Amino acid sequence: MNRYHVLRFLVSSWILMGALTVTSFAEEGFYPASSIPHALTIGAGAVVRLSETMVEISSVKSIRKGYHLVITILHEDALDNASVYLYYNEFRRIGGASGGIFNAEGKEIQKIRLTDFTDRSAVPEGTLHSSDRVKIYTPVYNGTYPVTFEFEYDIIGGAPAHYPEWTPQDGYGVAIESASLTVSAPFNLFPRYYAVNIVSRDSEKIVGDTKMVTWHLDNLTALHREPYAPSLSERTPGVFLAPVKLDYRGFSEDFLTWNDVGKWINYLLKDRDVLPESVKYRMKQISDQCPDTISQIRAVFHYLQSSKRYVSIQMGIGGWQPLDATTVDEQGYGDCKALVNYTKALLQGAGINSFYTLVNAGSRVPDILCDFPSMQFNHAILCVPLSGDTIWLECTDPTIPFGFLGSFTDERHVLIVTDTDGVIARTPVYSCDMNRLNRKTVISLSFSGDAEIEMTTYYSGLQSQIVYDLARKGIEEQKKALASRIGIPDITIKSVTYTCDSNAIPIICERIVLIARSYASVSGERLFVPVNRMNRMNALTVNTEERQAPILTGYPYLDMDSILVKWPQGFHVEALPSGDSIDTPFGKCTMRIVLDSLQWIYTRSFEQNKVRFNVEDYPEFRSFINRVAKADRQKAILRKTGS
Amino acid sequence: MNNLSAQPFGRIISLLFVTVSLTMFGQNKEMKFGKVNHDELTMTQCPIDSAAEAVVLCDIGQSYFEYSDSKGFELIFERHLRIKILKSDGYGWATLSIPLYSDGHAAEQVTVLKGKTYNLVNGKVEETKLDNGSVFEENVNDYWKKKKISLPGVKEGSVFEIKYTVKSPFLQRIRDWRFQFSIPVLWSEYELRIPEYYKFSRNATGYVPFVVNESGSAPQSITLTTSQNAGTKYVQKTEFQNTTISFIEYRQRLAAANIPAMKEEPFTTSVENYQAEIEYELHSYKYPGGIEHNFTESWEDVITQLLNDEDFGAQLKRKNLVKKQAEEIRNSTTDPIQQARLALEATRSVIKWDGAFTKYSDEGLSAALSKGAGNSADVNLYLVLLMDEIGLNAVPVILSTRENGFIQEHHPEINGFNYVIACVTVNGKDYLLDATEKFTPFGLISYRCLNGKGLTVVKPGFRWVDLSASEPNGDLYYAEMNLDSSGRMSGILTVSSAGYNGAMVRGRFFTEGEKEYSRWLREQRKNWEITGIEFESPDSLETPVKIVYTLASDEVAENQGGLVFFNVLLTFGQSSNPFKKEKRDYPVDFGAPIKDAYSFTYEIPEGYQVESLPGPIAIALPEKAGTFRFSASIIGNNKIVVNSLLDIKKTLFVPSEYDKLRELFARIVEKHSEQIVLKKL
């Protein structure tokens, strides 16, 4: 175990392939820290010295995954990277796990056994039930750094239709010295694969009817978190695998196209949409009372929202089969799949056809790989096709406006499961013009710099999500949250009201009256009045080392602010910032101040499109943001008249 | 709330079972399963909290002992809970879990479980029963299981109820009762019935007054059945014999009404400290004819119990584990303080704290040593053992951490303690030591320990020691800045951190590495271009750690209409008030005194003169609890000196003192936001 590290179960395959390699670590110790290339330690807390993943498929129903990981931890703070989670359930079991801890010179100081892992339920907080369990290795180490951990473990089996994905660089601050993925399978069962951010596969070998393909990566430097950056998974290399055939309890089909994926989902949904007659009748009644299809759908959706609730239950074929509609009706709850399936059944009852739709949800996640049909989803929504426009329904949120998806599932490719197969479609895009913030603020200053402020803000489209939760909270919680959100240090909120306009492009109106102590700071005869405390851009630091990530901005939006400042008799304006107008490919910003007697009006509009730029453009992007940020922080000066 | 807020600590009721009197049990709240009140269904908002997403209408629990021939006494817990869901945000309350303990041999079991949801549909009550499909069991780990229940048919306006019984073989584990949750509770009561054989103590915390607080007793009896074979060779016959044993059953009942929801606030040790709850602890039992088994009745008992415990006292006898280290330390110095210092360092180097809080060693010190890691007891008992072996006067001190709640000095019990530290006494002075944290200086215990008083575990002569910080927590900002005529501010800023702030800086410096930590610091100072960051004395724990920045910025000074102005402490002052809420329900507990100081010097460019400076200010809290002083002045013809000092000596402020404390911070923020104005000549 000490000197020769070969995955035990792999030996057979490798011998079979005639490619048995024995890795030898002569006398210099096991992966001494001194042999890490310097470039890999920059910005890194951990370096993956070796990561070998072996996926062995021997039949359509049998898959085995073997892992061999050697990781050097450079600082205590990064010790968590040596944690190992082995999940298991009715489909997958742990074949074995072992390892060791080695000092910087590579001398073994401790062995790790499966008994060092703690076993516990893997039911996440907020989930009612799932059958998942996990064995966790949590590193305990008190010595000096660097320190190296080695693990070998096998996982046998997996949920049907799901093959593993390989993303060796799955954390910030982790560098990779060497990583490989080897997939071996009989010719006719060799999985489909899709590589991202990876140039090519290394080698392909064929022996008899078995094919073996290896991908290899080395010397990947550590990445760090950066603002306006795409997610880590979009930037690091990965290989995704998918089966070519499924064989599960009588479902024996090819698994090659989106159509095939659709067929599988259909199999899981089969006969799950049966509703009690009374409910069907009720739906019929509802639809009879409505003048047109849209209002019928709306009425059914409101019936769902008012009578059923979301409870997470990850059960049924690895969590992919929904609870049937009758059970949902009886229990009054279900998870996303169950509620979508149920809503589909309700609409059927009202004579309206709709489609169960799978989506990879999340507000900043990469789109699915459209040309790689596979189970890339984590959520379900409902698609109601209409002759004019398609209506999309998020069925898990009891208050979400009818037809609104929000940034959780907007603007991405989804799999629509029709009665026979599956089709890729795209969810709606919320444009800059839909995602607006319009705010009018009136500020009345006192002699001492205190201010009474009235603020009315309309948030629309995706921007309505900013206040969506808050609008539903109690007044005390609203006050508390606003005291932090409004960046003025000492405020007393006198009143807050929210009114929601629940359209497919929702609008929430927020009205706040507040008293701000020392809104303007006093210095001798002068009052320094910030021109914009309502909507300030956050500056970007100029102190980071070279930018790594390309630029990716969030959803497009347009903010329009107007701030009227009134001051008492006895002051005059001594200095007023001039306006500014910035127009760049990254966004546009215009600021103006118009002076009147005893008041000025400041207006600001900021427009940001969803843009992607190369890393080389970052300095320019940052100077745009920082120019806006600086202008937002400007102050006007009022001076006591006669002084 | 106001009349109660003067009491900083929870209400204490100790040892109720001593006097026996028969009292009438008054003020009953009837709740029959299956019979919901029409008002409960039509209710649209909680009568005591209009914002509540849900409200506990009634929560009634009881624990009692039941005898059976096969199992002897068992502890029975029954609960009947009824909740009204007012908004969809409250749906989460319809999913409940019942934790069940098991020790590997015996386990707690749910024997009865029923639930029902009621909805008002077109004026008619619609009922949905809880069925098995909505009940799940989860094995959390070796000791704990959870029964999870999600009530069916819950929507806005629903009322649901659940009734369950837990049978437990663990007679000492009487379930605690929580009166308060993050939603309001209209009625909550708990009744306990205990045979005279068992004596429990009870500890109540929180600010909620009980509307019922009764105790009494009643005669009870159990029938023991013994069997014996009375048959002949041909006829099998078993004869049963019944014996009746009479005993007295003590009861008590507590109830509270209209209990407000718990809310989180900054600078509280733990909201749980203030949550209305009662806990029970078995302190003795005595069967008829048997002898009395005592657990804890006095502090002496607590100490005796600990000293006899395999995982506490016995560990303090493993002298051979520390012999070598002790000898090395003795040989290197004879100064007792220096010896204690070395012992602390030595402990930190041989056993790393694994993050667990406890007063008991896990697998013993010897196992911890060979693993190189252990829990808080392993680490600190080792330290005591080592110092003792050196010949120092060292004892363990048990305490309750800030998250764990207060220890009540007049309520002897062992369970309230969850942590142990070391106390070494040199020349009559106590030094409290905690080897769990690597970066706190000698004599400063970890922040989590700053919670009232700790108890020395020594026989005879135990005493209470103050768990306060031996030094204030705070930063000193020292800057020498130069402003040039283009408005560029540049210079050197030194941030010197002592106490817990210093420990935090050191912790990050060593665990993340200098490079990574510097990178983080650079990112924090967004308006500044930082050309250098240096750390001074990160490794000598006894002196403050310093971070020296070389920095410059075009962003911090503004130029308008011939005036140049900048914030008096640039971007480094107190920019927001930590106390945002206008009123406070729980005390503010800083843990340690605070000392935050600024000393800034600005050199102004030629051709400019000072037009105005912020005025001086000095404010004090009553009884010298804290002061804030600020001044700005011109030195020579081109220098400005700014000094600001916040010095808070008191660490615990009760809600009635909140206004003044909040005002103090408001004044600091106000002062720190003022401008220095220069004018071009």
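Residues numbered from 1 in each chain as written. Chains lettered and ligands numbered in written order. Predicted model: local features only at pLDDT ≥ 70, side-chain atom pairs only at ≥ 80, totals over all residues.

### Let's talk about the overall build of chain B
Note the cut-off: Numbering of helices and strands runs from the N terminus, with a helix taken as a DSSP run of H or I at least four residues long and a strand as a DSSP run of E at least two residues long. Put simply, a residue is buried when 20 or more other C-beta atoms lie within 10 Å of its own C-beta and exposed when 12 or fewer do; between those, it is partly exposed, and each C-beta is set from the backbone. Two residues qualify as being in contact provided that their C-beta atoms, derived from the backbone, are within 7 Å of each other.
Per the secondary structure count, chain B includes 11 helices and 36 strands. Based on the C-alpha atoms only, the size of chain B along its principal axes is roughly 120 × 80 × 45 Å. The buried share of chain B, taken over its 681 residues, is 41%. Within chain B, residue pairs in contact and separated by at least 24 positions form 72% of the contacts whose partners lie at least 6 positions apart.

### Overview of the packing of helix α9 (residues 499-512) of chain B against helix α10 (residues 514-524) of chain B
All names here are of chain B. What counts here: Each axis is a line fitted through C-alpha atoms, taken for helices only over the stretch in contact, and angles between the N-to-C directions span 0 to 180 degrees. We call two directions roughly parallel when the angle between them is under 35 degrees, roughly antiparallel when it is over 145, roughly perpendicular when it lies between 65 and 115, and oblique otherwise. Three categories are distinguished: nonpolar for Ala, Val, Leu, Ile, Met, Phe, Trp, Tyr, Cys and Pro, charged for Asp, Glu, Lys and Arg, and polar for the others, with Gly belonging to the last.
Their axes nearest at 6 Å, the elements α9 and α10 cross at an angle of 125°. Relative to α10, the element α9 lies oblique. Here R508, F509 and E512 of α9 lie close against α10, whose contacting residues are E514, E516 and Y517. Looking at the contact of α9 with α10, its residues break down into two nonpolar, no polar and four charged.

### Observations regarding the confidence of the model for chain B
Residue and element names in this part refer to chain B. Our working rule: Per residue, pLDDT measures the predictor's confidence, with a range of 0 to 100.
When pLDDT is averaged along chain B, the result is 86; 91% of the residues meet or exceed 70. Low confidence marks residues 1-26, where pLDDT is under 50. Its contacts with residues over four positions away, or in another chain, come to 43 contacts. Among the scores for the predicted complex, ipTM is 0.75 and pTM is 0.81.

### Describing the nonpolar core
For soluble globular proteins, nonpolar side chains are generally found buried alongside one another. Operational definition: By definition, a nonpolar core groups buried Ala, Val, Leu, Ile, Met, Phe, Trp, Tyr and Cys residues that connect through C-beta atoms lying within 7 Å of each other. An automatic or database domain assignment supplies the start and end points of every domain.
Of all hydrophobic cores here, the largest spans 68 residues; its most connected members are A:V300, A:V340, A:L346, A:I381, A:L382, A:L393 and A:C395. Top element by residues in this core is helix α8 (residues 336-349) of chain A. It accounts for eight residues. Two domains each donate at least three residues to this core, and these are domain 1 (8-248) and domain 2 (257-426) of chain A. With near-sequence residues (within four places) excluded, A:C395 lies in contact with A:L304, A:C336, A:L339, A:V340, A:T343, A:I381 and A:L382. Within the second largest apolar cluster, 63 residues are counted, among which are B:A343, B:Y382, B:I421 and B:C423.

### Regarding the confidence of the model for chain A
Confidence along chain A averages 89 in pLDDT terms, with 93% of residues attaining 70 or more. Ignoring residues within four places in sequence, the model shows residues 1-26 of chain A, a span with pLDDT below 50, making 31 contacts including any to other chains.

### A closer look at the sheet that holds strand β3 (residues 84-88) of chain A
Strands pair in a sheet through their backbones, by hydrogen bonds, and they do so in one of two ways: parallel or antiparallel. Residues and elements named next belong to chain A. The criterion, for reference: Strands are labelled as partners when DSSP assigns at least two bridges between them.
Here we have three strands laid out as an open sheet, ordered β3-β8-β6, and antiparallel in their pairing. Since the sheet does not close on itself, it has two edges, and those belong to β3 and β6 (118-121), each with one partner. Ignoring strand direction, the axes of neighbouring strands in this sheet form an average angle of 25°. Alignment of β6 against strand β8 (residues 133-137), held across four bridges, turns out to be antiparallel. Bridge pairing in β8 places T118 opposite I136.

### Considerations on the domain arrangement of chain B
Assigned domains of chain B: these are domain 1 (2-24 + 35-219 + 253-294), domain 2 (299-466) and domain 3 (474-680). Between domain 2 of chain B and domain 3 of chain B, the residue contacts involve nine residues of the former and nine residues of the latter.

### Describing the sheet that holds strand β3 (residues 95-101) of chain B
Residue and element names in this part refer to chain B. The strand order β3-β7-β6 describes an open sheet built from three strands, whose pairing is antiparallel. Edge positions in the sheet fall to β3 and β6 (135-139), since each of these pairs with one other strand and no more. Within this sheet the neighbouring strands show an average axis-to-axis angle of 20°, counted without direction. Pairing of β3 with strand β7 (residues 144-150) involves seven bridges; the strand directions are antiparallel. Across the sheet, the residue bridging to L100 is K145, located in β7.

### Here's the deal with unusual backbone geometry
Here the bond from A:Y145 into A:P146 is cis, since omega is 0°, no more than 30 degrees from zero. Checked against the element boundaries, A:P146 lands in the loop between β8 and β9 (147-157). Cis peptide bonds are those with omega within 30 degrees of zero, and the linkage from B:K459 to B:P460 qualifies with -10°. Looking at where B:P460 falls in the secondary structure, it is placed in the loop between β21 (453-456) and β22 (464-466).

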